Amino acid sequence: MRLAQSITLAVAATVSAYSFNSAHASDLQTASSAIESYIVKFNEPGLLYYNGGVSGIRATAPEANGQRKLDASSAAAIQYRDHLKSVRAGYMNAILGAIGRVPEVEHDYDVMYNGLALKLSAADADKIRQLDFVQSIELGGEYELGTDSGPAFIGAPAVWDGTSTFGNMPTRGEGVVVGVIDSGANSDHPSFANDASCGFSAGSPKLLSAKDCTQPSCVGGDPEDTSTVSGGHGVHTASTAAGNALMAGILVNGVELPFNISGVAPCAAVRTYKACEMTCDGADLQAALQEAILDGVDVVNYSISGGTSPWNDFDRNFLDMVNADIYVAASAGNTRTATPDPVGAVNHRGPWVMTVANSSHDRIVAFDVDIAGGPQDSGAIPGTGVGFPDGATIDDVAVALSLGSELGCNNPDTTNPFAPNSMDGQIALISRGACSFEEKVTNATEVGATGVIIYNNAPGLPIVMGGLEPTTIPAAMVSNPNGVAIRDFLIGTPAAQMTVTGPAVRITDPAFGDILNASSLRGPQETFDVTKPDITGPGTNIFAAVGAVDGEFGFLSGTSMSSPHLAGAGALVRAANPTWTPMEIKSAIQLTASRDGFSDDSTTPWDADEVGNGRVDLNNAAISGLVMNETFANFLASNPASGGNPRTLNLPSMRRIDCPGQCAWTRTVRNTLASAQDWNVQIEAPAGVHLRVVPDTFSFTGNTAETQEITIFATMLTTITAVENIVFGRVNLVPATTSVRGANVPEASMTVAITGTEAPGMPTADMLMIDSMEDISE
């Protein structure tokens, strides 16, 4: 296992929080004369945390002033910033004396903490570290920019710096307002402070409003996410979508941020609407949606269940939001006790909603697990309880399967499944499933275990185990393949010892990314011909802000975490292309999605019923040369209950269940490019199906009002009746010129999903060359 960065586990309320281990990090540094960027943090608090103490300068911390936001324009703030500037000047003189030169100052910091970014050698840094006014000094390059790895993994930096926008105009979401309907806010968190680099200030704040919609008219009450049962869910989703870019090392209520984090659209403004704790009352949700429309938000994130009958249930309200010029991202849903099988259970089926699956990104934070003479380098992700200590924990292993209960759950009479003292002084190895993580760890503790490694019972990466706060011994999870390999080896070699090495470290590897989470609800949905989910995004082990009662920062997993990545993506695309409609934004993201990834077995390529068009890719979305729109009236008219046909909607996906030999779809694309462009059709036909597209080439002159209608004809070459045998393909629209207005022009790809009966007789050349809707009788 590669050591990327050292962090130690700290206990939080309901999600895991981490603090940076600066002493261990210093061991990673090598003496060198190379000049690099270092972040030097001094002892004084920044504006956000200054509670008084300097003669003549009042406190500037919001809490100390009874405020929810920092007032950086107050007289006290101006005085305190001047004071910190003077302090830093004195420190620079001392640094000159320590290293014998004046280093280059890259940045001054006085909001989250008092500090500097300096260009130094490792030898310089070691000398400065000894100065008594220095709280910490770390390499700026040790941390990845981007909550935390998610935005970079989906290409957000290419929009931030203008690489992937028309005219190379950078945007981080400025001017866009993201509304989050969830469990409330953490208004004092630095993720929602007023970042001047984004244009925010006390007069134009980032957090425009935080409202409690469990109260009448969303007035009064407590809009903060203070519940101990929500796990900071609403704060996490808001900061993932649009939280500020924060640098590692800041302290929030005594919790130190271990690495850089950022929302996908860090310069978007935020409005939060509290409507939930563990559950969400429908009336409160309705009030929240209404309030968001009245407030004029541009984007809404909705990480809440529902929407399986979209013309009749809560999803119908989202159509009103789309009609009010609001782009809506919603979670596809997760398995639970009532829905143990994800297949066919996808939520939010409304064609107007961006429905988001959960897949992995390229970062995990894990302990290293090795078996003597056996499996090595298994990554074990910490739970929310006690973490394994720094250094090596070496013990014998008690394999739960060998002790008669692989799952480690209580017997039917609620007694412990393990014999007394059966795990004395050993690390327990137990499978996930059937009961809570707390129950498994508690049972192991009662019979003498010193720690627990749980292996996932589902394919894909391990997850952060919640609910372990009451437990008293270390626990972590490994993946199913790694856990089974460890189990099987130990059954054959029971004397082999396990070594768990702490602290948990941050590991980045492309191989971790683009794997569907086993809990992500998916299609096929068989009630009407629209493919859901629409797309996937990072939702597994996402690190972001949470509530104060939950430890300020933490890991959460689920489609609730992937959806805000798509809300943030929508905010960036809207900021880059403010004239695009919500459906055009949705289509651009789908058309340009990254297509390659794996199902939850980590081996089988994923398909459209699992992830829609693919994984959001902001390297391409904001520069899509084609977009697709649809109208409110057409969405209403497509209601199957009133005789409508959803497959006629202008969506970047085509679906037909029970195609009667031959069938077709019509789609219309609009040009977004200001210069002439030719497009060619490339077909990836589903197995057993012939596809033909008319026309197979088309051109635009550079007028962005130009549109082109294309028709996709399908001929069944074999009979495919069972929906579980549905086959998938693509229609790719390929630009002839790949660079326009300083940006690459990406392909636009639409998915095809189909079942049906073989066309009568052996299909002839004429049948395969149908080129008008009149040629097909359904």
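Caption draft 1: View of the pattern of salt bridges. Taken as a whole, this structure holds 20 salt bridges when the rule is applied. One salt bridge connects Lys211 with Glu291, and the closest N-O pair in it is separated by 2.8 Å. In this pair, Lys211 sits in strand β8 (residues 207-212) while Glu291 sits in helix α7 (residues 282-295), placing the two residues 80 residues apart along the sequence. Overall, the relative accessible area of 17% leaves Lys211 in the buried class. Between Lys586 and Asp534 there is a salt bridge, with its nearest N and O atoms 3.4 Å apart. Residue Lys586 is located in helix α12 (residues 582-591), and its partner Asp534 is located in the loop between β22 (498-508) and β23 (535-538); the two are separated by 52 residues in the primary sequence.

Caption draft 2: Layout of the state of the cysteines. Evaluation of the coordinates by the stated rule reveals five disulfides. Between Cys213 and Cys218 runs a disulfide, and the two sulfur atoms are separated by 2.1 Å. Measuring the twist about the S-S bond at about 110°, one finds the Cys213-Cys218 disulfide to be right-handed. The residues Cys213 and Cys218 share a single accessibility class, namely buried. With its sulfur 2.1 Å from that of its partner, Cys409 forms a disulfide with Cys435. Measuring handedness by torsion sign, the sulfur bridge of Cys409 and Cys435 sits at about -90° and is left-handed. With Cys409 in the loop between β18 (397-399) and β19 (427-431) and Cys435 in the loop between β19 and α9 (437-446), this residue pair connects regions lying 26 residues apart in the sequence. The same class applies to Cys409 and to Cys435, which are both buried.

Caption draft 3: Representation of unusual backbone geometry. With an omega of 5°, the peptide bond between Gly502 and Pro503 qualifies as cis. Counting through the fold element by element, Pro503 comes out in strand β22. Note that the residue after Lys532, namely Pro533, is joined by a cis bond; omega there is 0°. One non-glycine residue, Asn168, lies in positive phi territory at about 55°. Within the secondary structure layout, Asn168 lies in the loop between α5 (156-160) and β7 (177-182). On the basis of relative accessibility, which here comes to 36%, the residue Asn168 falls in the partly exposed class. Despite not being glycine, His348 has its phi angle at roughly 50°, a positive value. Looking at where His348 falls in the secondary structure, it is placed in the loop between β13 (327-331) and β14 (354-359). Accessibility expressed as a relative area gives 1% for His348, which makes it buried.

About the thresholds
Within every chain, residues take consecutive numbers counted from 1 along the sequence as written. Where local features are concerned, this predicted model is filtered to residues with pLDDT of at least 70; where side-chain atom pairs are given and counted, the filter is 80 or more; whole-chain, interface and lining totals use all residues. Only hydrogens and water are removed before side-chain values are computed, so all heavy atoms of the structure are retained for them. Counted as salt bridges are all cases of a side-chain nitrogen of Lys or Arg within 4 Å of a carboxyl oxygen of Asp or Glu. What counts as a helix is a DSSP run of H or I of at least four residues, what counts as a strand is a run of E of at least two, and both are numbered from the N terminus. The buried label applies to any residue whose accessible area, calculated with a 1.4 Å probe on protein chains only, is under 20% of its type's maximum; exposed applies above 50%, and partly exposed to all values in between. Note on terminology: pairs of cysteine sulfur atoms within 2.5 Å are recorded as disulfides.

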